[in-house]
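Chain and residue survey
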Amino acid sequence: MTTAVCFDLDGTLVQYEPPFPEFLGDALTEHVETAPDGLIDAYSEAFFDTFEALEPDPYEAGMRAVLAADGVGGHDADASAVVDALREREFESASVSDAARDCLDELAADDDVRLALVTDGVGDWQRAKLERVGLADAFDEVIVSYDVGGHKADGAPYDAVRERIDADEYVMVGDDYEGDVEAAREAGFVPIHYEDDENDLFAVLRAML
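Sequence order sets the numbering: in each chain, residues are counted from 1 along the sequence as written. Totals for whole chains, interfaces and linings use all residues, but because this is a predicted model, local features are given only for residues with pLDDT of at least 70 and pairs of side-chain atoms are given and counted only at 80 or more. With hydrogens and water stripped out, all remaining heavy atoms of the structure feed into the side-chain values.

**As for the sheet that holds strand 1 (residues 3-7)**
Stated formally: At least two bridges found by DSSP between two strands is the condition for calling them paired. The secondary structure listing takes helices from DSSP runs of H or I that are at least 4 residues long and strands from runs of E that are at least 2 residues long, numbered from the N terminus. Axis lines are fitted to C-alpha atoms, over the contacting stretch for helices. Their N-to-C directions set the angle, which ranges from 0 to 180 degrees. We call two residues contacting when some pair of their heavy atoms lies within 4.5 Å.
Read across the sheet, five strands follow the order 5-4-1-6-7 without closing on themselves; strand pairing throughout is parallel. Edge strands, defined here as strands with exactly one partner in the open sheet, are strand 5 (141-144) and strand 7 (190-193). Recorded for the sheet is a direction-independent mean angle of 20 degrees between the axes of neighbouring strands. Two elements, strand 1 and strand 6 (residues 169-174), share five bridges in a ladder whose sense is parallel. Residue pairing across strands places Cys6 opposite Met172, the latter belonging to strand 6. Sitting on the sheet, helix 8 (residues 156-164) is in contact with strand 1, strand 4 (113-119), strand 5 and strand 6, with an inclination near 155 degrees to strand 5. Here helix 9 (residues 177-186) sits on the sheet and contacts strand 6 and strand 7; the angle it forms with strand 7, its principal contact strand, is near 160 degrees.

**Regarding the pairing of strand 6**
Put simply, the test is: Here's how the labels work: a residue is buried when its accessible area is under 20% of the maximum for its type, exposed when over 50%, partly exposed in between, all with a 1.4 Å probe on protein chains only.
Burial runs high along strand 6: five of the six residues are buried. Of the strand pairs in this sheet, strand 6 and strand 7 are connected by four bridges, and their pairing is parallel. Bridging from a neighbouring strand, Val171 pairs with Val190 of strand 7.

**What to know about unusual backbone geometry**
Peptide bonds are mostly trans, and most non-glycine residues show a negative phi. The residue after Glu17, namely Pro18, is reached through a cis peptide bond having omega 5 degrees. Its place among the elements puts Pro18 in the loop between strand 2 (14-16) and helix 1 (20-29). Backbone geometry places Leu54, a non-glycine residue, at a positive phi of 60 degrees. Looking at the secondary structure, you find Leu54 in the loop between helix 2 (40-52) and helix 3 (58-70). In this structure, Asp57 is a non-glycine residue whose phi angle is positive, near 55 degrees. Residue placement: Asp57 occurs in the loop between helix 2 and helix 3.

What follows is the structure, given as C-alpha cells:
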C-alpha cells in the first residue's frame, strides 16, 4: 500500500529561535525610528489581510504599513529593503531538528512512501527557506498555497497533492489545527497534529508508517 505523507513547514518541520516577533523586531530596528513593538501589529494586520486574500507581495504590504506608521512613508523601494532584512532574519532563525531529519530520511527510503511538503505561503519565499535549511531535495512534491490558488483551510493544496501523487492513503502532519487537521480530514487525509517541542512525534511516525 502506497502512503503519501505530507508535512507542514513552519512550526512543524522548521522551528524558529528567536521566535517571529523577536526576529521581526530585529529586522525593523535596522530601518525604522519607532520602537519595533509599536509596529509589529501594523505589519501583521497588513500582511495577513493581503496573505489570506492571496494578493501579491504580502510581505511588502506589511512593510509599507510599517513605514507609514513610522512616518517614513510607504515607498516600495524602502519596503523592499525591510522585506530583505526580514527574510534574512527569518532564514537565520530557522532550524530543523535531527529527529525531523531522521524521520524524513527513513520515510524517503521506504518504497511505499511518497513525501510531500504542503505549506501556506508564497512560493519563492518558502522554497528559498527549504534551500536554506537543507530540505530542498527531501520531497517528491512541494506544494505552496500561493502556487495553487488557495490556502490549506480552503482545501486547494490537498487537491493538488491528490492530483500529483497517486497513493492509497494520504497523511498530513502539521501544527495548525484548522489547516492541518480539520481541513486535511475534510479532504480525506489522516491528520496528525504536531504540537510545539513534540520531537518524539517524529519517532512515532517512523514506527507507524
